[in-house]
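# Observations on the model geometry
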Amino acid sequence: MAKSRGVRGAAGACAAASLVYLLGRSLLALLVSALMGLAHPGASLAKPLGFSDVSAALFQLLVGIGAIALTLAFLLKLTRLRQVDLRIALPAPWSPGFCLPVFLGVANLANLAGALINHITDNPTTSELLPSGGPELLVCFISLCIMPAVAEELLFRGAFQGLMRPCGSAAAIFAPALLFGLLHLDLAQGLTAFACGVFLGWLTERSGSILPGMLLHLVNNMLAFLTIYLRYYAPAELSFGVELFILLFFPVFGGWMIWNARQQGFRFSAGLRPGVDVLAVFTSPAYSAAVIFLVVYAVFFVH
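A short tour of the structure in this document, coming up. (Residues numbered from 1 in each chain as written. Predicted model: local features only at pLDDT ≥ 70, side-chain atom pairs only at ≥ 80, totals over all residues. Heavy atoms only, no water.)

## Regarding helix α10 (residues 285-302)
When the terminal C-alpha atoms of α10 are compared, their 24 Å separation across 18 residues agrees well with the 26 Å that a helix rising 1.5 Å per residue should span. Among the residues making up α10, those that are buried are Tyr287, Ser288, Ala290, Val291, Leu294 and Ala298. On an axial view of α10, the arc spanned by its buried residues comes to 165 degrees, and they lie on one face. Exposed side chains of α10 directed beyond 90 degrees from the buried face belong to Pro285, Ile292, Phe300 and Phe301. (Helix = DSSP H or I, 4+ residues; strand = E, 2+ residues; numbered from the N terminus. Expected span 1.5 Å × (residues − 1). Buried < 20%, exposed > 50% of the residue type's maximum accessible area, 1.4 Å probe, protein only. Arc of directions from axis to C-beta.)

Shown next as structure tokens:
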């Protein structure tokens, strides 16, 4: 009974934090839009009339960092989460040569599945228009590559996973990963985020640190940034060739790496902590309610 209450408590805290993050991001976006409108009537984050591209990108960056900072403060103040649970520490020995291609393989398999979903549902694939260069491109790089890699890993693999860790490694890996995917508020992007979140959660449990996950997250973001940039500013043949290579090479090479490692006795489950059945988390009332809310919100208010 005590263990069941512990699972419900940890899952409920993660669920509440995910809603705090969503609410905080929405309120900060409204606040920044209101201030922009005061400076330039009619301006907002969606339509930054009168503001430079650098300023608009910095405002978006401020909203993203602010939402994560508010959620971390909520967790550290109102739950049993402590700074040591965030696993901001040097990792135990790990193999970037194995983890990086496997992670990119997982990410690009999910990207292919997401593209198929968009094709079946007739949902057009969109990407953010990047500046051609200068300070604007640098700010976009920080906003789209560096900030998510650092801040999202700190929140999901650090805080959320730290809350769930006493319930066992499986719960600590899968419960934050599902929320991570749902908070993208898009089916295709959410699928990729969930798959990546599972791998990064596993890596955090195995290495004892969120730093390797930050590195892998950054590399994946940089490859996505590169493909988008080439799509707009490179010859079509070069852009298509690079994107096709990334989408196909890493799943194949990553699959070969896994097969080869397993032939040598590697097991993903080695070193993980036993705990509760992960279904006990997914059926927790608070967690289930948060999941249903995020799905409904994405379907009816985002699209």
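## Regarding the packing of aromatic side chains
All told, the structure shown has 20 aromatic pairs when counted by the stated rule. Ring geometry for Phe253 against Trp256: centres 6.0 Å apart, planes inclined by 15 degrees, an arrangement best described as stacked. Of this pair, Phe253 and Trp256 both sit in helix α8 (residues 236-263), three residues apart, which is roughly one turn of the helix. We classify Trp256 as partly exposed; its relative accessible area is 44%. The rings of Phe98, Phe103, Phe199, Trp202, Phe266 and Phe268 are connected pair by pair, giving a single aromatic cluster. One residue, Arg157, lies across the ring of Phe180, its end atom 4.4 Å from the ring centre. (Phe/Tyr/Trp six-rings, centres within 6.5 Å; stacked < 30°, edge-to-face > 60°. Lys NZ or Arg CZ within 6 Å of the ring centre and 35° of its normal.)

## Points about a nonpolar patch on the surface
On the surface, a nonpolar cluster with roughly 680 Å² of combined accessible area is contributed by Ile292, Val295, Val296, Val299, Phe300, Phe301 and Val302. Relative to the helices and strands, Val299 resides in helix α10. A relative accessible area of 47% places Val299 in the partly exposed class. (Patch = residues over 30% accessible without salt bridge, like charges linked within 9 Å, V, L, I, M, F, W, Y side chains within 5 Å. Areas by Shrake-Rupley, 256 points an atom, 1.4 Å probe, with all protein chains shown as cover. Salt bridge = Lys/Arg side-chain N within 4 Å of Asp/Glu carboxyl O.)

## Quick word on the side chain of Thr227
Summarising the element assignment, Thr227 is placed in helix α7 (residues 211-233). Setting aside residues up to four positions removed in sequence, Thr227 forms contacts with Ser239, Glu243 and Ile246. (Contact = heavy atoms within 4.5 Å.)

## Side note on the nonpolar core
Judged by nonpolar contacts, the single largest core of 42 residues is most densely connected at Leu75, Leu155, Ala159, Phe160, Met164 and Val281. Counting only elements with at least two residues in this core, the list comes to α1 (2-39), α2 (53-78), α4 (134-164), α5 (169-182) and α10. Ranked by residue count, the leading element in this core is α4, at nine residues. Each residue touching Val281, except ones within four places of it in the same chain, is listed here: Val7, Ala11, Met164, Ala171, Ala175 and Tyr287. (Core = buried A, V, L, I, M, F, W, Y, C linked by side-chain atoms within 4.5 Å.)

## Topic: unusual backbone geometry
As a rule of thumb, non-glycine residues mostly have phi less than zero, and peptide bonds are mostly trans rather than cis. Residues other than glycine seldom take positive phi values, yet Arg87 does so here, at roughly 60 degrees. Structurally, Arg87 is set in the loop between α2 and α3 (96-120). Within the chain, Leu185 stands out as a residue other than glycine whose phi angle is a positive 55 degrees.

## Quick look at the pattern of salt bridges
Throughout the structure, instances matching the rule amount to three salt bridges. The closest approach of N and O atoms between Arg157 and Glu153, which form a salt bridge, is 2.7 Å. Residue Arg157 and its partner Glu153 are both found in helix α4; the two are separated by four residues, about one turn of the helix. In terms of burial, Arg157 and Glu153 fall into one category: buried.

## Regarding the packing of helix α6 (residues 187-207) against α7
The contact between α6 and α7 brings their axes to 8 Å, and the two run at 150 degrees. As judged from the angle between their axes, α6 and α7 are roughly antiparallel. When the axes of α6 and α7 are compared, the crossing they make is right-handed. On the side of α6, the interface is formed by Phe199, Leu200, Leu203 and Ser207, while α7 contributes Pro212, Gly213, Leu216 and His217. Per-class residue counts for the contact of α6 with α7 are five nonpolar, three polar and no charged. (Axes fitted to C-alpha atoms, helices over the stretch in contact; angles between N-to-C directions. Parallel < 35°, antiparallel > 145°, perpendicular 65-115°, else oblique. Left-handed = near helix turned anticlockwise from the far one by under 90°. Nonpolar A, V, L, I, M, F, W, Y, C, P; charged D, E, K, R; others polar.)

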